[in-house]
Amino acid sequence: MKESFERKYRMLLGDEYELFLESLFKPLRDAIRVNTLKVTNVDALLRRLEAKGWRLEQVPWYPHGFWVSETGGRIGATVEHCLGYYYVQDAASMIPPVVLDPKPGEVILDMCAAPGSKTTQMAQMMENKGVIIANDPKTKRIAALGSNIQRCGVMNCVITQMDGRAFGKLGPVFDKVLVDAPCTCTGTIMRSPEILATWGPYTARSLSRLQKQLLRAASRCVKKEGIIVYSVCSLEPEEGEFVVDYAVRKLGLEVEEVNVEGLKARHGLSEWMGRRFASGVENSLRVYPHDNWTEGFFVAKLVKA
Ligand SMILES: C[S@@+](CC[C@H](N)C(=O)[O-])C[C@H]1O[C@@H](n2cnc3c(N)ncnc32)[C@H](O)[C@@H]1O
């Protein structure tokens, strides 16, 4: 553990630092999202998986999300997975689409979409009606996005391969935009401990610039009164509150308070290292790994006035 990491996270978490630290070394529970685009009888699928010896537990904040234990094998290596009956997705990663709440018939941009966990979840929430533009600039990741979209029977999605910042030139065409931005991933250290090795006190700052630019593009291509959800699997204030603060001060977006039923989450910080954030930034959600035994996430719901 780097000393600078420990110092920063002790400052962020206070008395809860030890709990947080423990969560970084505790293996995560696997989770699946049952894909209702392919599965009409969810109970029958659950019984079929239980018959393999799986133990399933409902994720409280998403009706088709389930934690899986005692599988005796890899949960991505089943016929049911190949057929697209379920998607392997951490329970915290199901939160941003729940907050965006895409509806059938809407026009949605998923600006940083690959490998498609949230695109396929949104298609499911939209019952395959309306349109999702699923974008990612990386060729390898686009391949995974395409195959997940096909496997899950998503029919309302167009894939684009662009720098997300280019969407700013389109004008206000989308009802809602998801910006699930590239980040330092400090919320997923328990899955990928190498993140700790690459983490440095300034890594988040350099990504913060790109995250702000992606949000600026989102604020331009979303319609008036449209919604943008900004999310990162990071707990760094530079990638969370600082970016949302920019969205409020410079882009004129408002941060709406959200309540995700069944989820334990904290308010966003109102200040960090002597910097007071704009009013509303505290309406963001901070989800620590030890809150729900999931990955850590930061989520904000922004509205274009
Ligand atoms: C956190 S991942 C997205 C995960 C995805 N939303 C999901 O749920 O499966 C961030 C993604 O942003 C993409 N990305 C990186 N730079 C980008 C840019 N300039 N514009 C848009 N996307 C970018 C990365 O290729 C990566 O796939």
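Residues numbered from 1 in each chain as written. Predicted model: local features only at pLDDT ≥ 70, side-chain atom pairs only at ≥ 80, totals over all residues. Heavy atoms only, no water.

**Let's talk about the state of the cysteines**
Which entries qualify depends on this criterion: Cysteine sulfur atoms that come within 2.5 Å of each other are treated as a disulfide pair. Only protein chains enter the calculation, and the probe is 1.4 Å; a residue is then buried if its accessible area is under 20% of its type maximum, exposed if over 50%, and partly exposed in between.
The full count for this structure, using the stated rule, is 0 disulfides. Between Cys 152, a free cysteine, and Cys 157, which holds the nearest cysteine sulfur, the sulfur-to-sulfur gap is 11 Å. The exposure class of Cys 152 is buried, given its relative accessible area of 1%. Judged by relative accessible area, Cys 157 falls into the buried class, the value being 18%.

**Focus on the packing of aromatic side chains**
Condition: Ring pairs are drawn from Phe, Tyr and Trp, using the six-membered ring of Trp, whenever the two centres fall within 6.5 Å, and their geometry is named by plane angle: stacked under 30 degrees, edge-to-face over 60, tilted for the rest. Only DSSP runs of H or I reaching four residues or more are called helices, and only runs of E reaching two or more are called strands; each is numbered from the N terminus. Note on geometry: a ring has a charge over it if NZ (lysine) or CZ (arginine) is within 6 Å of the ring centre and within 35 degrees of the ring normal.
Throughout the structure, instances matching the rule amount to 9 aromatic pairs. Aromatic pair Trp 54 and Tyr 86: ring centres 5.7 Å apart, planes at 70°, arrangement edge-to-face. With a gap of 32 residues between them, Trp 54 in the loop between α3 (42-50) and β2 (55-58) and Tyr 86 in strand β4 (residues 86-88) connect regions that are remote in the sequence. Considering the side-chain rings of Phe 242 and Phe 277, the 4.9 Å spacing of their centres and the 85° angle between planes classify their relative orientation as edge-to-face. Of this pair, Phe 242 sits in helix α10 (residues 241-249) while Phe 277 sits in the loop between β13 (275-276) and β14 (285-287), placing them 35 residues apart in sequence. The two residues Phe 242 and Phe 277 agree in class, both being buried. An aromatic cluster is defined as three or more aromatic residues linked by ring pairs; in this entry it consists of Phe 5, Tyr 9, Tyr 17, Phe 20 and Trp 199. Sitting over the face of the ring of Trp 293, Lys 26 holds its NZ or CZ atom 4.1 Å from the ring centroid.

**Let's talk about the site of the ligand**
Where we set the bar: Nearness of a residue to a molecule or strand requires only that one of the residue's heavy atoms be within 4 Å of it. Two N or O atoms form a polar contact when they lie within 3.5 Å of each other; inside protein one atom must be a possible hydrogen donor and the other a possible acceptor, and for residues adjacent in sequence the pair counts only when both atoms belong to side chains. Gly falls in the polar group here, along with every residue not listed as nonpolar (Ala, Val, Leu, Ile, Met, Phe, Trp, Tyr, Cys, Pro) or charged (Asp, Glu, Lys, Arg).
As a matter of local geometry, the ligand sits amid 19 residues, with Lys 118, Asp 136, Arg 141, Gly 164 and Asp 180 nearest to it. Within the backbone of Gly 116, a nitrogen or oxygen atom sits 3.1 Å from an oxygen atom of the ligand. At the level of secondary structure, the elements contributing two or more residues to the shell around the ligand comprise α6 (117-125) and α9 (203-221). Looking at side-chain class alone, the shell around the ligand contains 10 nonpolar, 3 polar and 6 charged residues.

**Some details on α10**
One turn of an α-helix holds 3.6 residues; hence residues three or four places apart share an orientation. Buried residues dominate α10, accounting for 8 of its 9 residues. Looking at α10, one finds that the buried residues are Glu 241, Phe 242, Val 243, Val 244, Asp 245, Tyr 246, Ala 247 and Val 248.

**Observations concerning the nonpolar core**
Here is the rule we go by: Residues grouped as a nonpolar core are buried Ala, Val, Leu, Ile, Met, Phe, Trp, Tyr and Cys residues, joined through side-chain atoms within 4.5 Å. Domain borders in the structure are assigned automatically or taken from a domain database. Any two residues having at least one pair of non-hydrogen atoms within 4.5 Å are treated as being in contact.
In terms of nonpolar packing, the biggest core is built from 89 residues, with Trp 61, Met 111, Val 177, Val 179 and Tyr 230 touching the most fellow members. Mapped onto the domain boundaries, this core takes at least three residues apiece from domain 1 (3-27 + 91-304) and domain 2 (29-89). If we skip the residues at most four places from it in the chain, Val 179 touches Met 111, Cys 112, Leu 214, Leu 215, Ala 218, Ile 228, Val 229, Tyr 230 and Ser 231. Counting 13 residues, the second-largest nonpolar core is a separate cluster that includes Val 34, Leu 49, Trp 54 and Ile 75.

**Focus: helix α1 (residues 3-13)**
This is how the line gets drawn: Arc definition: directions from the helix axis to the C-beta atoms.
Within α1, the full set of buried residues consists of Phe 5, Lys 8, Tyr 9, Leu 12 and Leu 13. For α1, the angular spread of the buried residues around the axis is 115°, confining them to a single face. Exposed and oriented more than 90 degrees from the buried face of α1 are Glu 3 and Arg 7. For α1, the secondary structure elements touched by its buried residues are α2 (17-24), α8 (194-198), β12 (271-272), β14 and α11 (289-292). Positive backbone phi, at 55°, marks Gly 14, one or two positions downstream of α1.

**Some words on the domain arrangement of the chain**
Definition in use: Summed over both partners, buried area is the accessible surface (1.4 Å probe) that two parts give up on being assembled. Salt bridge criterion: a side-chain nitrogen from Lys or Arg within 4 Å of a carboxyl oxygen from Asp or Glu.
Once the domains are mapped, the chain shows domain 1 (3-27 + 91-304) and domain 2 (29-89). A straight line from the C-alpha centre of domain 1 to that of domain 2 covers 24 Å. At the junction of the two partners, domain 1 supplies 31 residues and domain 2 supplies 23 residues. Taken together, both faces of the contact between domain 1 and domain 2 bury some 2,100 Å²; the carbon and sulfur share is 55%. Ranking the residues of domain 1 by area buried against domain 2 places Met 94, Gln 124 and Arg 151 at the top, with a combined share of 38%. Summed over the shared surface of domain 1 and domain 2, the result is 0 salt bridges.

**A few points about the sheet that holds strand β1 (residues 30-34)**
Note the following rule: By this definition, two strands are paired if DSSP reports at least two bridges between them. The angle between two axes is taken between their N-to-C directions and runs from 0 to 180 degrees, where each axis is a line fitted to C-alpha atoms and a helix contributes only its stretch in contact.
Strand order in the open sheet formed by 4 strands is β2-β3-β1-β4, and the pairing between neighbours is antiparallel. The open sheet has two edge strands, β2 and β4, and neither has a second partner. For this sheet, the mean angle separating the axes of adjacent strands, direction not counted, is 35°. With 3 bridges connecting them, β1 and β4 associate as antiparallel partners. Across the sheet, the residue bridging to Arg 33 is Tyr 87, located in β4. Across the sheet, α3 is in contact with β1, β2, β3 (65-69) and β4; its angle to β1 comes to roughly 145°.

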